[in-house]
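These are the residues of each chain, in order.
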Amino acid sequence: MAEVHAYNFPKAQKVWGRKNVDTLFAQGRWGSAGELKYCWLIPSGNGNAQEPDSGSAPRVMVSVPKRFFKRAVKRNLLKRRIREAYRLQKNLLEGKNLFLLFAYNSNEILDFGQIYALVGEILKTLAKKLDATA
């Protein structure tokens, strides 16, 4: 029987709150793949209400800096494309406990196919790193 994956992206799977975002930026590990930078962090169990449990999906955040695109329309377009690429491939990190940030790092607008490939590369890299540490 074929596996069924939930392709939704509810708020429970998003990084939110100043404390969590600050922790991600301060303690997270950075990497890059093409025009996308990423930061990831395995959260400590300090009783935070937003902490994912061991069987949940990772929590994700997307950022497109105003430095590269002054118009909000272009920033929002890129954020939508990155979120959609993640949503379609999030099964690669299924059951992993981590916070993840995607940061766009180029001044040209990539099409969805290129972004999809970059996000897939990042997710596969993270899955290998997390499996090696487990």
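Residues numbered from 1 in each chain as written. Predicted model: local features only at pLDDT ≥ 70, side-chain atom pairs only at ≥ 80, totals over all residues. Heavy atoms only, no water.

**Considerations on the pairing of strand S4 (residues 99-104)**
Among the six residues of S4, six are classified as buried, and the element is accordingly described as predominantly covered. Side chains Phe99, Leu101 and Ala103 project from S4 onto one buried face, and the interleaved Leu100, Phe102 and Tyr104 project onto a second face that is buried too. Relative to S4, strand S2 (residues 36-41) runs antiparallel, the two sharing six bridges. Across the sheet, residue Lys37 finds its bridge partner in S4, namely Ala103. Sheet topology places strand S3 (residues 59-63) next to S4; five bridges connect them, and they run parallel. Bridge pairing in S4 places Val60 opposite Leu100. This β-α-β element, S3 to helix H2 (residues 72-89) to S4, shows left-handed connectivity. (Buried < 20%, exposed > 50% of the residue type's maximum accessible area, 1.4 Å probe, protein only. Helix = DSSP H or I, 4+ residues; strand = E, 2+ residues; numbered from the N terminus. Pairing = 2+ DSSP bridges. Right-handed = clockwise from strand over helix to strand, strands pointing away.)

**Some remarks on the nonpolar core**
By size, the foremost hydrophobic cluster in this structure holds 27 residues, and its most contacted members are Leu100, Phe102, Tyr104 and Val119. The biggest single contributor to this core is helix H3 (residues 112-133), with eight residues. Val21, Leu24, Phe99 and Leu101 belong to the second largest nonpolar core, which has eight residues in total. (Core = buried A, V, L, I, M, F, W, Y, C linked by side-chain atoms within 4.5 Å.)

**With respect to the pairing of strand S1 (residues 29-33)**
With five bridges connecting them, S1 and S2 associate as antiparallel partners. The partner of Ala33 across the bridge, within S2, is Leu36.

**A closer look at the packing of aromatic side chains**
Counted according to the given criterion, the structure contains five aromatic pairs. Plain terms: the ring middles of Phe69 and Tyr104 are 6.1 Å apart, the flat faces sit at 45 degrees to each other, and that makes the pair tilted. Note that Phe69 is positioned in the loop between S3 and H2 and Tyr104 in strand S4, a separation of 35 residues in sequence. Residue classification places Phe69 among the buried positions, given a relative accessible area of 5%. For Tyr104, a relative accessible area of 1% corresponds to the buried category. The structure contains a cluster of three or more aromatic residues connected by ring pairs, namely Phe9, Tyr86 and Phe102. (Phe/Tyr/Trp six-rings, centres within 6.5 Å; stacked < 30°, edge-to-face > 60°.)

**Points about the packing of H2 against H3**
One way to put it is that H2 packs onto H3 with a least axis distance of 9 Å and a crossing angle of 50 degrees. Taken together, H2 and H3 sit at an angle that is classed as oblique. Like other packed secondary-structure pairs, H2 and H3 cross with a definite hand, here right-handed. Contact residues: H2 offers Leu78, Arg81, Ile82, Glu84, Ala85, Tyr86, Leu88 and Gln89, while H3 offers Phe112, Ile115, Tyr116, Val119, Gly120 and Leu123. A breakdown of the residues in the contact of H2 with H3 according to their chemical character gives 10 nonpolar, two polar and two charged. (Axes fitted to C-alpha atoms, helices over the stretch in contact; angles between N-to-C directions. Parallel < 35°, antiparallel > 145°, perpendicular 65-115°, else oblique. Left-handed = near helix turned anticlockwise from the far one by under 90°. Contact = heavy atoms within 4.5 Å. Nonpolar A, V, L, I, M, F, W, Y, C, P; charged D, E, K, R; others polar.)

**Some points on H3**
Over its 22 residues, H3 extends 32 Å from the first C-alpha to the last, a length consistent with the 32 Å expected when each residue adds 1.5 Å. For H3, every residue scored as buried is listed here: Ile115, Leu118, Val119, Gly120, Ile122, Leu123, Leu126, Ala127 and Leu130. Buried residues along H3 sit in contact with S1, S2, H2 and S4. (Expected span 1.5 Å × (residues − 1).)

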